[in-house]
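Here is what each chain is made of, one letter per residue.
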Amino acid sequence: MGAETTPSPVSLASLQRMKAQGEKIACLTCYDASFTRLLEGAGVDLFIVGDSLGMVLKGHESTVAVTMADMVYHAANVARCGRHALRVVDLPFMSYASRDQALGNAARLMREGGAHMVKLEGGTAMAGIVEHLARHTIPVCGHIGLLPQAVHKLGGYRVQGRDEAGAAAVLADARALEAAGADLLVLECIPAELAARVTAAVNIPTIGIGAGPSCDGQVLVLYDMLGITPSRRPKFVKDFLAETGSVPAAIGAYVRAVKDGSFPGSEHSF
Ligand code: KIV
């Protein structure tokens, strides 16, 4: 009888190794215990307990209404059953406006929510906050390009970095966050060619959403890739349930498509 093998937990070092070896990182958002088990069973490497939960679980129009209590509750549900995937948890809107506030809330997400890493939105302007967290040994994921928490300032959910100045700003954001000590970067809704430049320019792994195929990994909002989000489907989303017919098969197909580089295709990229 063959010995059962349990995959060892994904760590920052594993993500770095995957980037170095060109092995794609499969990431999905996750907010509860049942999906934690299903996603880990399908081989998802990385969970983002995202503040997108404010829209897909709570019915808000944006992520702005999400609270620390929401994030701690959902992160803890995921942590209770998580065994393998690395868990990144979002710091919600206005929970990291100062260094001390960011440190206190990041520590709470780790202590009460079982986060392995916290994520915050913003580039160069957030470098000081990222540096403060990193100095206190808190792993940090930056999030640049489209910043959903800034939707009212941006005037909508639009592709960022399309012109030369915008592209230079995204590149500068990535470099500033890496220099400040960020361990991972989410690139949201930027042209594929710019995401490829960012991914080559930094040593930390990049995870794309609407950022083309050259990122080190891919993430989608779980409910979007299952086709159950009622709003209009953005160009970068593929409904994996439609072609597989079951939730476990859809998640398996997503992981395979990310790993073999067939998702995202040009039809999902800007
Ligand atoms: O809130 C979220 O779910 C996210 C990911 C989609 C990157 O930030």
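The coordinates are above.
Residues numbered from 1 in each chain as written. Predicted model: local features only at pLDDT ≥ 70, side-chain atom pairs only at ≥ 80, totals over all residues. Heavy atoms only, no water.

**A short note on the overall build of the protein**
Then, in step 1: For the protein, the count of helices and strands is twelve helices and eight strands.
Then, in step 2: Taken over the C-alpha trace, the protein has a radius of gyration of 17 Å; the compact-globule value for 270 residues is 18 Å, and the two agree within 12%.
Then, in step 3: For the protein, the C-alpha atoms occupy an extent of roughly 55 × 40 × 40 Å along the three principal directions.
Then, in step 4: Across the 270 residues that make up the protein, the buried fraction comes to 57%.
Then, in step 5: Look at the contacts in the protein between residues 6 or more apart in sequence, and 63% of them connect residues 24 or more apart.
Then, in step 6: For the protein, the accessible area works out to roughly 11600 Å², and carbon and sulfur atoms hold 54% of it.
Then, in step 7: Taking the average place of the 24 positive charges on the side chains of the protein and the average place of its 26 negative ones, the gap between the two points comes to 1 Å. (Helix = DSSP H or I, 4+ residues; strand = E, 2+ residues; numbered from the N terminus. Rg over C-alpha atoms; globule rule 2.2 N^0.38 Å. Buried < 20%, exposed > 50% of the residue type's maximum accessible area, 1.4 Å probe, protein only. Contact = heavy atoms within 4.5 Å. Areas by Shrake-Rupley, 256 points an atom, 1.4 Å probe, with all protein chains shown as cover. Lys, Arg positive; Asp, Glu negative; His and termini not counted. Charge placed at Lys NZ, Arg CZ, Asp CG, Glu CD.)

**Quick notes on the site of the ligand**
Then, in step 1: Taken together, the neighbourhood of the ligand is formed by Thr-29, Ile-48, Gly-50, Asp-51, Ser-52, Asp-90, Lys-119, His-143, Val-186, Ile-209 and Val-221.
Then, in step 2: The separation between an oxygen atom of the ligand and a polar side-chain atom of Ser-52 is 2.5 Å.
Then, in step 3: A distance of 2.8 Å separates an oxygen atom of the ligand from a polar side-chain atom of Lys-119.
Then, in step 4: Surface burial for the ligand is 95%, taken as the share of its 250 Å² of free accessible area covered by protein chains.
Then, in step 5: Of the residues contributing to the shell around the ligand, the split by class is four nonpolar, four polar and three charged. (Near = heavy atom within 4 Å. Polar contact = N/O pair within 3.5 Å; in protein donor to acceptor, adjacent residues only side chain to side chain. Nonpolar A, V, L, I, M, F, W, Y, C, P; charged D, E, K, R; others polar.)

**Describing the sheet that holds strand β7 (residues 206-209)**
Then, in step 1: The sheet built from eight strands closes into a barrel, its strands ordered β1-β2-β3-β4-β5-β6-β7-β8 with parallel pairing. Averaged over all adjacent pairs, the angle separating strand axes in this sheet is 25 degrees, with direction ignored. (Pairing = 2+ DSSP bridges. Axes fitted to C-alpha atoms, helices over the stretch in contact; angles between N-to-C directions.)

**Observations concerning the packing of aromatic side chains**
Then, in step 1: Counted under the stated rule, the structure contains six aromatic pairs.
Then, in step 2: Pairing Tyr-31 with Tyr-223 gives two aromatic rings, centres 6.0 Å apart and planes at 85 degrees, and the pair type is edge-to-face. Placement of Tyr-31 in the loop between β1 (25-29) and α2 (33-41) and of Tyr-223 in helix α10 (residues 222-225) is noted, with a sequence separation of 192 residues between them.
Then, in step 3: Judged by relative accessible area, Tyr-31 falls into the buried class, the value being 2%. (Phe/Tyr/Trp six-rings, centres within 6.5 Å; stacked < 30°, edge-to-face > 60°.)

**Details of the environment of Ala-196**
Then, in step 1: Mapped onto the secondary structure, Ala-196 falls in helix α9 (residues 192-201).
Then, in step 2: A C-alpha to C-alpha distance of 32 Å links Ala-196 and His-74, two positions 122 residues apart in sequence.

**Examining helix α5 (residues 99-111)**
Then, in step 1: Here α5 is 13 residues long and its end C-alpha atoms lie 18 Å apart, about the 18 Å a rise of 1.5 Å per residue gives.
Then, in step 2: Within α5, burial applies to Ala-102, Leu-103, Asn-105, Ala-106 and Leu-109. (Expected span 1.5 Å × (residues − 1).)

**Observations regarding the pattern of salt bridges**
Side-chain pairing between opposite charges can occur once the charged atoms of the two side chains come close.
Then, in step 1: Tallying each qualifying case throughout the model produces nine salt bridges.
Then, in step 2: The shortest N-O distance in the salt bridge between Lys-238 and Glu-243 comes to 3.3 Å.
Then, in step 3: Under the relative-accessibility criterion, Lys-238 is labelled partly exposed at 22%.
Then, in step 4: Take Glu-243: its relative accessible area is 54%, and that puts it in the exposed class.
Then, in step 5: Look at the salt bridges and you will find they share partners, linking Arg-17, Glu-23, Asp-45 and Lys-259 into a network. (Salt bridge = Lys/Arg side-chain N within 4 Å of Asp/Glu carboxyl O.)

**Some details on the packing of α2 against helix α12 (residues 247-259)**
Then, in step 1: Running from N to C, α2 and α12 cross one another at 50 degrees; their axes reach a closest spacing of 9 Å. When the interaxial angle is binned, α2 and α12 end up oblique. α2 and α12 meet at a crossing whose hand is right-handed. Packed against α2, whose contacting residues are Phe-35, Leu-38 and Leu-39, the element α12 presents Val-247, Pro-248 and Ile-251 at the interface. (Parallel < 35°, antiparallel > 145°, perpendicular 65-115°, else oblique. Left-handed = near helix turned anticlockwise from the far one by under 90°.)

**Quick notes on the nonpolar core**
Then, in step 1: One finds Leu-133 and Leu-220 to be the most contacted residues of the largest nonpolar core, which totals 87 residues.
Then, in step 2: Excluding anything up to four places from it in sequence, Leu-220 contacts Cys-27, Leu-28, Thr-29, Ile-209, Met-225, Phe-236, Val-237, Lys-238, Phe-240, Tyr-254 and Phe-263. (Core = buried A, V, L, I, M, F, W, Y, C linked by side-chain atoms within 4.5 Å.)

Function-wise, these values are silent; they only describe arrangement.
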